[in-house]
Each structure stands twice: as structure tokens, then as C-alpha cells.
Amino acid sequence: MPDRRDPEAGRTVRPEASAATSAAGAAAVLPTVREVLRMEQVARALPEVLTGRERLDAPVRWVHVAETAEAARLGSGGELLLATGVGWPSDDAALRRLGRVLVEAHIAGLVLELGPPMPVAPPALVDEFRAAGLPFAVLHREARFVAITEAVHSRIIAEQMAALRARDDIHALFTDLSLRGSPADFIVEQAARVLGSPVVLEDTSHRVVAAAGLDAGHRAGEQAELAEWEQRSRTAHRSGGGGWTIVPIEARGMRWGHLIALPGEPHPAGRSNVLEQAAVALALSRLSDRDEDEWTRRSHDTLLSALLGRRFAGEGGVTARFEAAGFPLAGREVAGAAIRLRSGTLPVSAAPRVVEAARAAGADAVAGRHPERAGTLVVALSARPGRRFGDPLFEAIAEAAGAARLDDPAAVVAVGSEARGITGLLSSLEEAVELAAGAGARADARLGRRPVIQRVQHRPLLRLVNAFGGDPRMVEHTEQMLRPLIEHDLATGGDLIEVLHAYLSHPGNRTRAAAASHLSRSVFYQRIALIEDLLGMDLDDGETVAALHAAVLARGRTAP
């Protein structure tokens, strides 16, 4: 199993090494040399730092009184030594050897109490510590070493107990998430909340599956953290640098991805420990998934739902999310598509089939269920350099979608305008969704099992309405034209807006309009009469029909 770099321990640790994990957790709660010197028991003795100021934040594993070179060399590293110099040699050569022994023992630092045995710090010893960059402090007043050791050890033990409790809490949290069958994105969200820093779940191709804690309180946070994600991730995996904590997610001998915590504050349980517990929960979640496409499918659903629902603070953040998920936008032509079956509902297995078909035809794709329109699959497409959005691409997508329902393979693919950037993609997707709403009923039944491809270029009114976007004038027009119907539907739970949409989608053919609204002809005619009565308009008037159609299409941008 590959190593990873633990930013707290400052050394390489392996996921399966519990001792290393414990050490990493302990490093986060140990007092530093600086903190010990500021303790009341030390501060009243007037400490003065002579060397090693740049390493005063080194952790102190233990405090030990060592008056002789023999006692000093028995340390195991990380100790802060207290001494009066009573047992130290007096000649410079011996003092230099003592200094080298202490440096080689990897102590955290040395504190010397000045007094009759050693009225000043020995220059030879000071020189050795200065050369090594190791903290050397002197106390100008008498200190009670027993009080210092008691205070430091009490703090170390208390914080280690707190770390143990924190690790128990983390274990309980992620165990509960596993038992409840929580989805991957929620597990990642909890890991980010606990660590107080961004956490990213990526697949083995370094595509982001889920991410949390990226906003960092400002709009640029998400964009900055996910920019050029694949390249940065590959570099971090190779070098172990950047302060990232990386844990593999694997079970039954198979690796599914990695969980990554970006730099942040230490955690009492240890950042590595938190991430490993989350990785175990993710592995168990992965084992319980129905198929191997589950993570990708959920990721695509989340991306498209956020885009179509306009749940993003800025274009840069949502663009970074799409690109980190393996959907390039920079310098690419993009387009949106919406897929429906002429009858029946597309299963969830259609999405990964469509993505693979698009990739084979020369376009990167993100596909998922529409968050509000049941039975509609939305697809974001990014054409690779030198490739175009031709009919072969959409025929391949339609065939892949239809293959997911062997009993009803005839799919309708509605295609929005070609565009650039994330806002262009959003507009194209909305065009495709609106076009798909009536495409199935408009498709010629004589086509049988053949797919139907309809482009928004053939719907000039729809393109015009989408070009206005959220223009207040269009919103006001929609409200003025449709207010009586909206208020009636809200008060009665009625379907007049839907009936009007079906009528406008099939002008001059009330039979097909009734079929599209799933009503009998007699009931449909009653609804039309009620609509004319509430609006005070004649639905046989061409100008009225055009104005109403524009209003209905504009309302469809924000209402299911």
C-alpha cells in the first residue's frame, strides 16, 4: 500500500500502522517548548531563550531532569531537559561533547537554572545548541523542578486522555454513519465539519466525486481549492507535499479512490485518524452500493442539480466543480441535452451508459436525473478539440439510453444550443429540458423503435424566451398573462397550466394535446373552456396563443 505524508507528524505513515496513527494524533495535543516556558511555574523563574527561537514550537513529549551526560543520552527523543549544571563537566571540550550528545538524542530543548553550580550558560554548550538550532533557555531565578514536571506531565496526560475521548467520538460518529447507510457525500461533509477544513473524495482517476468545506467563507474558496485538481492531486500523491493528508479507500483488495483533507488546524483525535475513520465508513458505503457506478452517478446528480437549481455563489466555483469532476469547460464548446422515453421511465442505470456512449463519440459528459422532472435524464456535454455536436453523437446517446429499457428502447433526445462557459451550459440545459417536455408526444409514433433527435434551433420561440433569461420584463409578462391560472391551480390543486402547455405545444390538434395532457377529450375541452373563461381570452386567436406560449415557456424556466 502506498505511503502518504502526515502533516502533523512530519513523516511518512502507512494507513495500516496504528502506532503511527496514534503518534500523529498525539503530536496535535502535546505542549510546545514555547508553551512550557510560559507556564507559571517556569515564567516566575524569568526564562531567557539563548538559542533555537525558530524551534520553540516543537512538541514536548516529556519533561526530565538530567544533571549528567549519562542521564541525558538515555532519552528517546522529544524530551525537554531541566538542569542546574551540577553534574556537568567544566572544560570546553567535554561541554561540546555533552552538547553533541544532547543534540543527537533529539531532545526538544534544554532549560538551565543559573546558580552557584553554573552562574552563566557555558559558551561551548551554547555554541553547540546554536549550531543545531535547538532551543536552549536559562532561568535567572530558582525554580521548583518538581512543580514544573508535575504541571507539564499533568497537561500531557490530560490532553492525551482528551485525544482518546476524541478518537472514541470519531469512531462512534463514522460507525453510526456506516450503520445508517449514509451516502458518500454526507460522510465527506461530516469529515470536513469535524476537521474544519476542506475534504475531497476522488476516484482512482483523480476525478472529484464529492467535496465539502470548500467555500472557506468566501466565494473564491471553492474555485481556488478545486482549480487544476487532477494535476495538483497527482503531484501530491507523488511527492507527499502540500500539507495534504491522503488516505486510500479500499476493501476486499480493491481500491476505489482516495479521501483527501487539505491543510487545516490540528484535531485532538489526529487528522489522520479522523480521515481513516471516514475512509472506513466510505469503504463500507461502497460495499453496500448496488453497483460500481453509484459514486459517479450520485456525483453527477449533485452537480447537475446544483447547476439547474442555481445553487452556487459564483460561476468560478461551479466551473471548478465540473472541471474537477472530469468535465472540461475552458476553451470547449458545450451543450445540454435532455432524454426521455416516448413511454415509460428511464432507469438510473441509463446515466452511466449515456456518459460512456458520449465519451466514445468524442465528448466528455455528465449525466443525471433532473431534480424536478421525473423521467427526464439531463446530460451536459463538452466537445473535445476538433469534434462537433453532430447527429452521430446524439444517436449514440439515444441508443445507450434506450438500451437501459429493453422493453421500450425508443428514446427522444432534445438538444439545446451550443455555447461556451458554465452560464452557456446552464442556458442550453434549460432549453433542452423545456424542449424535451413535449418532445415525446410530438414524436411521430410511426418511427417505432428509432430514436428521435430534436434541436432547439427548430424551436425559435423557446430560444427567444431563453435568451431573455430572468429579465424582469419577461417575468412580469408571464405573471400578467398567467396569474388567474396560477392562482386557480394553487387554490384547487388543479392542472390548468399543464393543460395550457399541452394545448400550445400542439396548436390546431386538440386530440394530440389531450393525449399529451393525459386527459380524455371531453375533460380536456372542459379545461380549455375554463382557461378561456379565467383569462378572458380566445385561444383561437394567433397573437393570444403566441403571447401565452411565451409566458408558459418562461414560467417553465423556474417551475416544474
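Here's a quick rundown of the structure. (Residues numbered from 1 in each chain as written. Predicted model: local features only at pLDDT ≥ 70, side-chain atom pairs only at ≥ 80, totals over all residues. Heavy atoms only, no water.)

## Quick look at the overall build of the protein
When you go through the protein residue by residue, the secondary structure sums to 22 helices and 16 strands. Burial status across the protein gives 51% buried among its 560 residues. Per element, the accessible surface of the protein, about 26000 Å² overall, is 51% carbon and sulfur. (Helix = DSSP H or I, 4+ residues; strand = E, 2+ residues; numbered from the N terminus. Buried < 20%, exposed > 50% of the residue type's maximum accessible area, 1.4 Å probe, protein only. Areas by Shrake-Rupley, 256 points an atom, 1.4 Å probe, with all protein chains shown as cover.)

## Considering the nonpolar core
In this structure, F174, V199, L201, L259 and L282 are the most contacted members of the largest nonpolar core, which totals 31 residues. Mapped onto this core, the elements with two or more residues apiece are helix 7 (145-180), helix 8 (184-195), strand 8 (199-203), strand 9 (208-212), strand 10 (245-251), strand 11 (254-261) and helix 11 (271-288). (Core = buried A, V, L, I, M, F, W, Y, C linked by side-chain atoms within 4.5 Å.)

## Quick word on the side chain of S233
Mapped onto the elements of the fold, S233 is located in helix 10 (residues 229-239). Taking the relative accessible area as the measure of exposure, S233 reaches 0% and is therefore buried. The contacts of S233, once residues within four sequence positions are left out, are E202, H206, W244 and I260. (Contact = heavy atoms within 4.5 Å.)

## Concerning a nonpolar patch on the surface
A cluster of nonpolar side chains, namely W62, I157, M161 and L164, defines an oily patch on the protein surface of about 370 Å² accessible area. Counting residues per element, the nonpolar patch draws most heavily on helix 7, at 3 residues. On the secondary structure map, I157 appears in helix 7. (Patch = residues over 30% accessible without salt bridge, like charges linked within 9 Å, V, L, I, M, F, W, Y side chains within 5 Å. Salt bridge = Lys/Arg side-chain N within 4 Å of Asp/Glu carboxyl O.)

## Brief notes about the packing of helix 7 against helix 8
With their axes 11 Å apart at the nearest point, helix 7 and helix 8 run at an angle of 165° to one another. With respect to each other, helix 7 and helix 8 are oriented roughly antiparallel. Between helix 7 and helix 8 lies a crossing whose hand is right-handed. Along the contact surface, helix 7 presents I170, L173, F174 and L177, while helix 8 presents F186, I187, Q190, A191, R193 and V194. (Axes fitted to C-alpha atoms, helices over the stretch in contact; angles between N-to-C directions. Parallel < 35°, antiparallel > 145°, perpendicular 65-115°, else oblique. Left-handed = near helix turned anticlockwise from the far one by under 90°.)

## With respect to helix 8
Helix length check: helix 8, at 12 residues, gives a terminal C-alpha distance of 17 Å against a target of 16 Å (1.5 Å per residue), a fit within 8%. The elements touched by buried residues of helix 8 are helix 7, strand 8, strand 9, strand 11, helix 11 and helix 12 (294-308). Once helix 8 ends, the next one or two residues include G196, with phi positive near 65°. (Expected span 1.5 Å × (residues − 1).)

## Some remarks on the packing of helix 18 (residues 472-492) against helix 21 (residues 521-535)
The contact between helix 18 and helix 21 brings their axes to 9 Å, and the two run at 120°. On the basis of the axis angle, helix 18 is oblique to helix 21. Between helix 18 and helix 21 lies a crossing of right-handed hand. On helix 21, the residues that touch M481, P484, L485 and H488 of helix 18 are L530, I531, L534 and L535. Taken together, the residues of the contact of helix 18 with helix 21 sort by class into 7 nonpolar, 1 polar and no charged. (Nonpolar A, V, L, I, M, F, W, Y, C, P; charged D, E, K, R; others polar.)

## Observations concerning helix 5 (residues 92-104)
An ideal rise of 1.5 Å per residue puts 18 Å on 13 residues; helix 5 measures up with 18 Å between its terminal C-alpha atoms. Every buried residue of helix 5 is accounted for by A94, L95, L98, G99 and L102. Projected down its long axis, helix 5 carries its buried residues within an arc of 145°, all on one side. Positive backbone phi, approximately 55°, marks H106, located one or two places after helix 5. (Arc of directions from axis to C-beta.)

## A short note on the pattern of salt bridges
Per the counting criterion, the structure on display carries 25 salt bridges. Where R207 meets D203, a salt bridge forms, and the shortest distance between an N and an O atom there is 3.4 Å. Accessibility expressed as a relative area gives 28% for R207, which makes it partly exposed. Under the relative-accessibility criterion, D203 is labelled buried at 12%. A salt bridge links R369 to D301; the shortest N-O distance between them is 2.9 Å. Residue R369 is located in strand 13 (residues 363-369), and its partner D301 is located in helix 12; the two are separated by 68 residues in the primary sequence. For R369, a relative accessible area of 48% translates into the label partly exposed.

## Re the sheet that holds strand 10
Ordered in space as 9-8-11-10, the 4 strands form an open sheet in which the pairing is antiparallel. The sheet is open, and its two edges are formed by strand 9 and strand 10, each paired on a single side. Averaged over neighbouring strand pairs, the angle between their axes works out to 20° when direction is ignored. Bridge count for strand 8 against strand 11 is 5 bridges, and the pairing is antiparallel. Within strand 11, the residue paired with V199 across the bridge is A261. Packed on one face of the sheet, helix 12 meets strand 8, strand 9, strand 10 and strand 11 and runs near 55° to strand 9. (Pairing = 2+ DSSP bridges.)

## Observations regarding the sheet that holds strand 14 (residues 377-383)
Spatially, the 5 strands line up as an open sheet ordered 13-14-12-15-16, and their pairing is mixed. Each of the sheet's edge strands pairs with one partner strand only, and the pair in question is strand 13 and strand 16 (452-455). Between one strand axis and the next, the sheet turns by 20° as a mean value, whatever way the strands run. Inspection of the sheet shows strand 12 (residues 334-341) paired to strand 15 (residues 411-415) by 5 bridges, in the antiparallel sense. Bridge pairing links R340 to V412 in strand 15. Sitting on the sheet, helix 14 (residues 350-360) is in contact with strand 12, strand 13 and strand 14, with an inclination near 165° to strand 13.

## Digging into the packing of aromatic side chains
Using the criterion set out here, one finds 5 aromatic pairs in the structure. A cation over a ring is seen here: R286 above W256, with NZ or CZ 5.5 Å from the ring centre. Between the NZ or CZ atom of R286 and the centre of the ring of W295, over which it lies, the distance is 5.3 Å. (Phe/Tyr/Trp six-rings, centres within 6.5 Å; stacked < 30°, edge-to-face > 60°. Lys NZ or Arg CZ within 6 Å of the ring centre and 35° of its normal.)

## Focus: the environment of P122
Assignment of secondary structure puts P122 in the loop between strand 6 (109-113) and helix 6 (123-132). Judged by its relative accessible area of 6%, P122 is buried. A C-alpha to C-alpha distance of 9.5 Å links P122 and D91, two positions 31 residues apart in sequence. Ignoring anything within four residues of it in the chain, the contact list for P122 reads W88, L95 and L112.

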